[in-house]
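Now for the letters of each chain:
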Amino acid sequence: MDGHGHASGGKRKRCRKPKPRAPDSPDNNHNHHHPAPSSSPLATAASAAASDSPDPEPASSSPAPRRRGRKPRRVRNEPPSEVDAAHSPSPPPRRGGPKTKGAPNGGAEAVELSRRELAVSMVEVPAAMEPLRWEQVVPSMDAVVKVFCVHTEPNFSLPWQRKRQYSSSSSGFIIGGRRVLTNAHSVEHYTQVKLKKRGSDTKYLATVLAIGTECDIGMHDWTCLIVTILAVKHSMLTVEDDEFWKGVSPLEFGSLPALQDAVTVVGYPIGGDTISVTSGVVSRIEILSYVHGSTELLGLQIDAAINSGNSGGPAFNDKGKCVGIAFQSLKHEDAENIGYVIPTPVINHFIEDYQKSGEYTGFPILGIEWQKMENPDLRKAMGMKSDQKGVRVRRVEPTAPESGCLQPSDILLSFDGIHIANDGTVPFRHGERIGFSYLVSQKYTGEKAHVKLLRNSKIHEFNIKLATHKRLIPAHIKGKPPSYYIVAGFVFTVVSVPYLRSESAICQYGKDYEYDAPVKLLDKLMHAMAQSPDEQLVVVSQVLVADINIGYEDIVNIQVLAFNGTPVKNLKHLATMVEECNDAFLKFDLDYDQLVVLEMKTAKAATQDILTTHCIPSAMSEDLKS
């Protein structure tokens, strides 16, 4: 034996198999083996990789001649340790390998067993652990469905007809109770909805059950292959055909994730027809402004890609439970991979609201506008003590139930016993704060809340009833056709956000309506409050040219303030006053001090000819006739 533990038997010829060694004598079998070094992670990975390749040839009994620049390979002839022997099964003998009998220590068979056992012990653990995570997530993907929808949007420029239909595809998923959830904007203005399961070639007709416009969720219900459908922008479905539900389990909802928790978004985005999976982490949790609903609710920001078609698909945590619905992404030149997810508290609120009342009633609000109280001089002037915190009430919605108890300059100290900070936040989770509107959004329409406020340095407490928001310019028309009224070629209609956002004609402003619409309309959109529940903002959307309206052709999107001296409350009120008018003239007071005057009998006679010329079936929409 040489100093390295190798048998000295002279050089062997290259490419020739060594002869089997004879059993070592007792004199050559002591104190010649070096202890094995502890394996490093790199060595573990190398051994695992080696276990996937064919078994190597037995080590040579004598070292090969050295080559310049390369160290000689050393083989340690060691018996397996007691730990390895206890935990690793003995491998079967190699076919054609050297057969050695009676080698108690340092034999070639011992070397081969030690190397094979080490490789097996290091490969089996990762192979057993890696599939566990996927076995929990992959089956849930079978509950993800593709939503096919045919839309027919209203035509706000020609409100008596609709636009040309178009098709879209998005994602959805099956929940308990044989229902399906998707985003509301995925089925907005639907005329037909169909669903297709993963791996199936059959599309099932669907029917919309509920649409929540605030939180972008829709719900569908299936009946004999006819389904009733993320618009709380969620939709819900149920199917009586048992074939649809075979082999599919509904998704389970998980709790609200924490920052840096892993999320996996599953859906059917553009770029292909099969299911798609993207992953990321939760990067932010806060109150977000929901683009489709113009409502501020709890939302998750993630760095996983959310593309067109992903909308309505579930977001899974690492346990395979649904923690939200993908609904929008941020497109900006300075931002990358910013997507937003509707979290489970918002989803559960929508589902429970539907189950309680049989319809979607919406998220309630506290009908006030408020101001931060971070300035110490402001707090002192309002009579606040050093240990008091809260926000100042700027305005109260006249149509809100809170108008009966809250007043401007009240200091709102707490909501349902939770103290509000000077910046308007409340404790959320460890190390996190969130806007106090989150507490309001957890309530249901009609429920009561306990508020504590400071008024003239005195504390007052009220139990107030919560209700939904009544906007002067509504964010949605809830699937209904737009209202209109026509007289003498003047087309009167109601202003809404979809009306301003419409791109059907020059009198609407498209996606940039916040920049291009008239300043007065934008001011009313952002700051005006309805003074009564039925108040509407009525405008002249356009003038259909005729002899009767010469000189008025350029009037576009101008608000109607009064008719014959009477203020206009809403479109139906205007239509009723015009139809019942017996005065000689029709006088319309418009914004910007404009005045329109028409001879009553001539105007009403010309209306029918104008309707015939433009193929308009009626001078008013159906909702104004009742």
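Residues numbered from 1 in each chain as written. Predicted model: local features only at pLDDT ≥ 70, side-chain atom pairs only at ≥ 80, totals over all residues. Heavy atoms only, no water.

Here we look at the packing of aromatic side chains
Applying the stated criterion across every chain, the model contains 11 aromatic pairs. With a centroid separation of 6.4 Å and an interplanar angle of 20 degrees, the aromatic rings of Phe-490 and Phe-492 are classed as stacked. A single burial state applies to Phe-490 and to Phe-492, both of which are buried. Over the ring of Phe-148 we find Lys-203; its NZ or CZ atom is 4.1 Å from the centre of that ring. A cation over an aromatic ring shows up here: Lys-520 above the ring of Tyr-592, its NZ or CZ 4.6 Å from the ring centre. (Phe/Tyr/Trp six-rings, centres within 6.5 Å; stacked < 30°, edge-to-face > 60°. Buried < 20%, exposed > 50% of the residue type's maximum accessible area, 1.4 Å probe, protein only. Lys NZ or Arg CZ within 6 Å of the ring centre and 35° of its normal.)

A few points about the pairing of strand 5 (residues 203-212)
The pairing of strand 4 (residues 190-196) with strand 5 spans four bridges and is classified as antiparallel. Bridge pairing links Val-193 to Ala-206 in strand 5. In this structure, the hairpin formed by strand 4 and strand 5 is closed by a connection of six residues, where Gly-199 is found at a positive phi of approximately 80 degrees. (Pairing = 2+ DSSP bridges. Helix = DSSP H or I, 4+ residues; strand = E, 2+ residues; numbered from the N terminus.)

A look at the nonpolar core
In this structure, Ile-174, Leu-181, Leu-298, Ile-302, Leu-366, Leu-412 and Phe-415 are the most contacted members of the largest nonpolar core, which totals 77 residues. Structurally, this core is a two-domain feature, drawing no fewer than three residues from each of domain 1 (134-357) and domain 2 (368-430 + 439-466). Filtering out sequence-adjacent residues up to four positions away, Leu-366 remains in contact with Glu-402, Leu-412, Phe-436, Val-440, Ile-464 and Leu-466. Judged by nonpolar contacts, the second largest core, of 30 residues, contains Val-538, Val-540, Val-578 and Leu-624. (Core = buried A, V, L, I, M, F, W, Y, C linked by side-chain atoms within 4.5 Å. Domains from an automatic or database assignment. Contact = heavy atoms within 4.5 Å.)

Description of the pattern of salt bridges
Counting across every chain of the model gives 11 salt bridges. With a closest N to O distance of 3.7 Å, Lys-163 and Glu-153 form a salt bridge. In this pair, Lys-163 sits in the loop between strand 1 (144-151) and strand 2 (166-175) while Glu-153 sits in the loop between strand 1 and strand 2, placing the two residues 10 residues apart along the sequence. What makes Glu-153 partly exposed here is its relative accessible area of 25%. (Salt bridge = Lys/Arg side-chain N within 4 Å of Asp/Glu carboxyl O.)

Quick notes on the environment of Tyr-499
Here Tyr-499 shows up in helix 8 (residues 497-501). Placed 42 residues apart in sequence, Tyr-499 and Ser-541 show a C-alpha to C-alpha distance of 9.9 Å.

Observations concerning the side chain of Asn-310
Checked against the element boundaries, Asn-310 lands in the loop between strand 10 (295-302) and strand 11 (314-316). Ignoring sequence-local partners within four residues, the contact set of Asn-310 consists of Ser-171, Val-265, Val-266, Gly-267, Tyr-268, Pro-269, Ala-305 and Ala-326.

Concerning the pairing of strand 13 (residues 339-343)
Of all the five residues making up strand 13, five are buried; the element is thus mostly covered by neighbouring parts of the structure. Side-chain alternation along strand 13 places Gly-339, Val-341 and Pro-343 on one buried face and Tyr-340 and Ile-342 on a second face that is also buried. Bridging between strand 12 (residues 322-329) and strand 13 involves five bridges; their strand directions are antiparallel. Counted as the bridge partner of Ser-329 is Gly-339 from strand 13.

Considering the side chain of Thr-425
Relative to the helices and strands, Thr-425 resides in strand 18 (residues 425-427). Judged by relative accessible area, which is 14%, Thr-425 ranks as buried. Within the local environment of Thr-425, its side chain forms a polar contact with the side chain of Asp-423, the two groups lying 2.7 Å apart. In contact with Thr-425, other than residues within four places in its own chain, are His-419, Ile-420, Arg-433, Ile-434, Gly-435 and Phe-436. (Polar contact = N/O pair within 3.5 Å; in protein donor to acceptor, adjacent residues only side chain to side chain.)

Regarding helix 10 (residues 519-527)
Here helix 10 has its buried residues at Leu-521, Leu-522, Lys-524 and Leu-525. All buried residues of helix 10 fall inside an arc of 160 degrees around its axis, so they share one side. Looking at helix 10, the residues exposed on the side facing more than 90 degrees away from the buried face are Val-519 and Met-526. (Arc of directions from axis to C-beta.)

Describing a nonpolar patch on the surface
Residues Phe-585, Leu-595 and Val-597 make up a contiguous nonpolar surface patch of roughly 250 Å² in combined accessible area. Residue placement: Leu-595 occurs in strand 28 (residues 595-599). (Patch = residues over 30% accessible without salt bridge, like charges linked within 9 Å, V, L, I, M, F, W, Y side chains within 5 Å. Areas by Shrake-Rupley, 256 points an atom, 1.4 Å probe, with all protein chains shown as cover.)

What about the confidence of the model for the protein chain?
Taken over all residues, the pLDDT of the protein chain has a mean of 78, while the share at 70 or more is 70%. Within the protein chain, strand 22 (residues 484-487) carries the highest mean pLDDT (98), whereas strand 7 (residues 226-228) carries the lowest (28). Contacts from residues 1-20, a stretch scored under 50 in pLDDT, to residues over four places away or in other chains number 21 contacts. Confidence drops under pLDDT 50 across residues 118-137; counting only partners more than four residues distant or on other chains, this segment forms 16 contacts. (pLDDT = per-residue confidence, 0-100.)

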